[in-house]
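Understanding the architecture of this molecule
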Amino acid sequence: MSENRQHWLNEELKLDERVNESLWPGGQKAVDRLAKQGKKPVRELIENVIDPGTMFFELSRLAGFGMNYPGVEDVPCGGVVTGIGKIHGNWTMIIANDPRVKAGTYFPITLKKHLRAQAVAEENGLSCVYIADSGGAFLPMQVDVFPDDGHFGSMFYNMARMSAKGLRQVTMSTGGNTAGGAYIVFMACESVMIDKMSYSFLGGPPLVKMATGEVISAEDLGGARVHTHISGGADHFCKDQDEAIERVRNILSLEPVQKIHLHRYEERPSIHPIERLYDILPTTGSQPIDAHAIIETLADDGVFHEYKKHYAPGRGDNLVTGKFRLKGFPTGVIVSNKIGVIFEEAARKAAEWIVRCSHEKIPIIFLQGSPGYMVGSDAEHAGIGKYGSDMVRAVSCAQVPRIQLVIGQDNGAANYGMCGRAYRPKFLFHTMRSRTSVMSGKSAGGVLLSIEERKREVSGNPMTDEERSQFYAKMVEKYDGEAHPFYCGARLLSDRVLKFTEIRDWLAMALEVSHIRPVGEPSFGNFRF
Ligand code: COA
């Protein structure tokens, strides 16, 4: 086994371990507790709601680890499971509280994840199924989750607006939905409640007693029978979770069939097994990569139509541009090559290519492994700033679906030009090789050390050699730690950390889902040339 392969398999083992913590918070004890309440673990519900034998593309499983909230270090999976699956053949967003994580309450990261899932749904034209079982806002952090735009109310604002756009919002309540959380039931286009399991009320029994003196059970206050037979706040009364799932599927069975606005050719295998990526990707992000070998491993039949292959050798080829088919979908691609530093020729080529893809209405996949644009007087005088900006402008304005997969360093403005989060790629994936931060640990350590040295000198207390090396090592550790896919995934800076073997399947899903809405006409601002 090659050294690279051994390294990446070990890294992905660490990923498996972390994901396992997401899938089973509280272990068997928590599953048994659910069973006593007649409830199944949330992913089992999801598996039953999607079409049999189809795959659930679960997003952001690393969310919420190491957040260090008041009294809570980890919020496994962010406390909410989100992902895309097919229901009656239509791609649908599923958003499901996990009651095993602090009763499914909303921490800031829970909200971020819920809202990201709604944004993916709205942008791509997906209906939403909510599996609701939540204690509402995590009360010790109410100021961080309740009052602002992007907080609790935004979930319901999104439901209303998506519903108005014809995207169906269906809620299946499988537990408590208290106070603001009750709106997830009442705002749905159709909602399903389960006898003696679902509750929905603006104030629970303790609050009612305090406010009005009325003593009443949860069931009589806002149980499934109350809302389906008396208040009319919910629409379907079911006896258990199995029946509720069947009802949700029935509700969505008459939806119009989605059309994919991208021609799909016959799907062909790659000429190499995808596992080849384990061998060809070096063990650190700072080692050079071979873009052509990567493309050959991903492309159907290994066929790549390269754009400007011979342009500016040694400078233009740090980005490789072209087109291939992936599982039958034609796509443009921009791939970091070698050590990935972007020279002005590479930036110009990439900007041109983005404009061409936009005119041809084909999507663009960015395989990012670049530490930044070239620096220094030669590059500045040659216009790296303006050509880099042109690339960023093209990326920003391109109306075609853009998808980013990070396969190495992801620093500085290269993060912008290669369609980082701020440039709103339809999907953004990391791998265990990605390192996303403003600069690498080494660069940040050097810059921060020079600032600290100056400060200490001015104060008449210059640093000793030992202090210098300690300071530098601390900064390197901090920056490298924050760039790690676990750290970024915990904060939702990616939609998923993919194993190398998952890349083709996930990119194909992303291409398909991104084309449920038709692609508009290109329109770019003023380039500098
Ligand atoms: N904020 C903070 N923590 C909460 C919480 C909230 N809104 N709701 C529940 N929790 C915590 C509990 O303290 C408990 O913590 P622990 O494991 O450290 O002991 C954990 O979540 C599990 O709650 P528990 O009550 O044991 O679960 P349950 O399944 O028996 O009941 C609820 C679930 C949601 C019905 C119940 O917790 C509840 O009524 N919570 C309050 C809901 C509320 O009034 N929300 C208003 C906010 S908008």
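Residue positions are given per chain, counting from 1 as you read along its sequence in written order. Only residues with pLDDT of at least 70 are given local features in this predicted model, and only at 80 or more are side-chain atom pairs given and counted; all residues enter the totals for whole chains, interfaces and linings. To obtain the side-chain values, all non-hydrogen atoms of the structure were used and water was disregarded.

1. Examining the overall build of the protein
What the protein contains, in helices and strands, is 21 helices and 16 strands. Seen along its three principal axes, the alpha-carbon backbone of the protein occupies a region of about 75 × 65 × 50 Å. Across the 529 residues in the protein, those meeting the buried criterion constitute 54%. Should any heavy atoms of two residues lie within 4.5 Å, those residues are counted as being in contact. A sequence separation of at least 24 residues applies to 75% of the contacts in the protein between residues at least 6 apart. Strands here are runs of E lasting at least two residues and helices are runs of H or I lasting at least four, both read from the DSSP assignment and numbered beginning at the N terminus. The rule is simple: take the accessible area with a 1.4 Å probe, protein chains only, and divide by the maximum for that residue type; under 20% is buried, over 50% is exposed, in between is partly exposed.

2. So, the pattern of salt bridges
Any Lys or Arg side-chain nitrogen found within 4 Å of a carboxyl oxygen on Asp or Glu counts as a salt bridge. The full count for this structure, using the stated rule, is 39 salt bridges. Here K327 and D505 are joined by a salt bridge, their closest N and O atoms 2.6 Å apart. In this pair, K327 sits in the loop between strand 10 (319-326) and strand 11 (329-336) while D505 sits in helix 21 (residues 503-513), placing the two residues 178 residues apart along the sequence. With a relative accessible area of 16%, K327 lands in the buried category.

3. Quick notes on the packing of helix 18 (residues 441-458) against helix 19 (residues 465-483)
Throughout, an axis means a line fitted to C-alpha atoms (over the contacting stretch in the case of helices), and angles, computed between N-to-C directions, take values from 0 to 180 degrees. Put simply, helix 18 and helix 19 touch, their axes get as near as 8 Å, and they point 140° apart. Overall, the two elements helix 18 and helix 19 adopt an arrangement that is oblique. In the crossing of helix 18 with helix 19, the sense of the turn from one axis to the other is right-handed. For the pair formed by helix 18 and helix 19, the contact residues are G441, K442, A444, G445, G446, L448, L449, E452, E453 and R456 on the first element and E467, R468, F471, Y472, M475, V476, Y479 and D480 on the second. Note on terminology: angles under 35 degrees are roughly parallel, angles over 145 are roughly antiparallel, angles of 65 to 115 are roughly perpendicular, and the others are oblique. Note on convention: the crossing is left-handed when the near helix lies turned anticlockwise from the far helix by less than a right angle, right-handed when the turn is clockwise.

4. Examining the site of the ligand
Distances are taken per atom, and a residue is near a molecule or strand as soon as one of its heavy atoms is within 4 Å of it. The immediate surroundings of the ligand are formed by R33, K102, A103, T105, G135, A137, F138, L139, P140, T178 and A179. Any pair of nitrogen or oxygen atoms within 3.5 Å is treated as a polar contact; in protein, a donor-acceptor pairing is required on top of that, and neighbouring residues in sequence qualify only through side-chain atoms on both sides. Here a nitrogen atom of the ligand sits 2.9 Å away from a polar atom, N or O, in the main chain of A137. L139 places a polar main-chain atom, nitrogen or oxygen, 3.0 Å from a nitrogen atom of the ligand. Here, Shrake-Rupley sampling with a 1.4 Å probe gives the accessible areas, and only protein chains in the shown set may cover a residue. Coverage of the ligand by the protein amounts to 50% of the 880 Å² it exposes when considered alone.

5. What to know about the nonpolar core
The criterion is simple. A nonpolar core is a set of buried Ala, Val, Leu, Ile, Met, Phe, Trp, Tyr and Cys residues joined through side-chain atoms within 4.5 Å. Within the largest apolar cluster, 73 residues are counted, with the highest numbers of intra-cluster contacts made by I84, M93, F427 and F429. At eight residues, the largest contribution of residues to this core is made by helix 21. If sequence neighbours within four positions are ignored, F427 has contacts with I84, R116, V120, N124, R402, I403, Q404, D495, M509, A510, V513 and S514. Within the second largest apolar cluster, 29 residues are counted, among which are Y307, Y387, A414 and Y423.

6. Overview of the side chain of N158
Within the secondary structure layout, N158 lies in helix 6 (residues 152-164). By relative accessible area, which is 15% here, N158 ends up buried. Among all residues touching N158, those that are not within four sequence positions of it are L115 and Q118.

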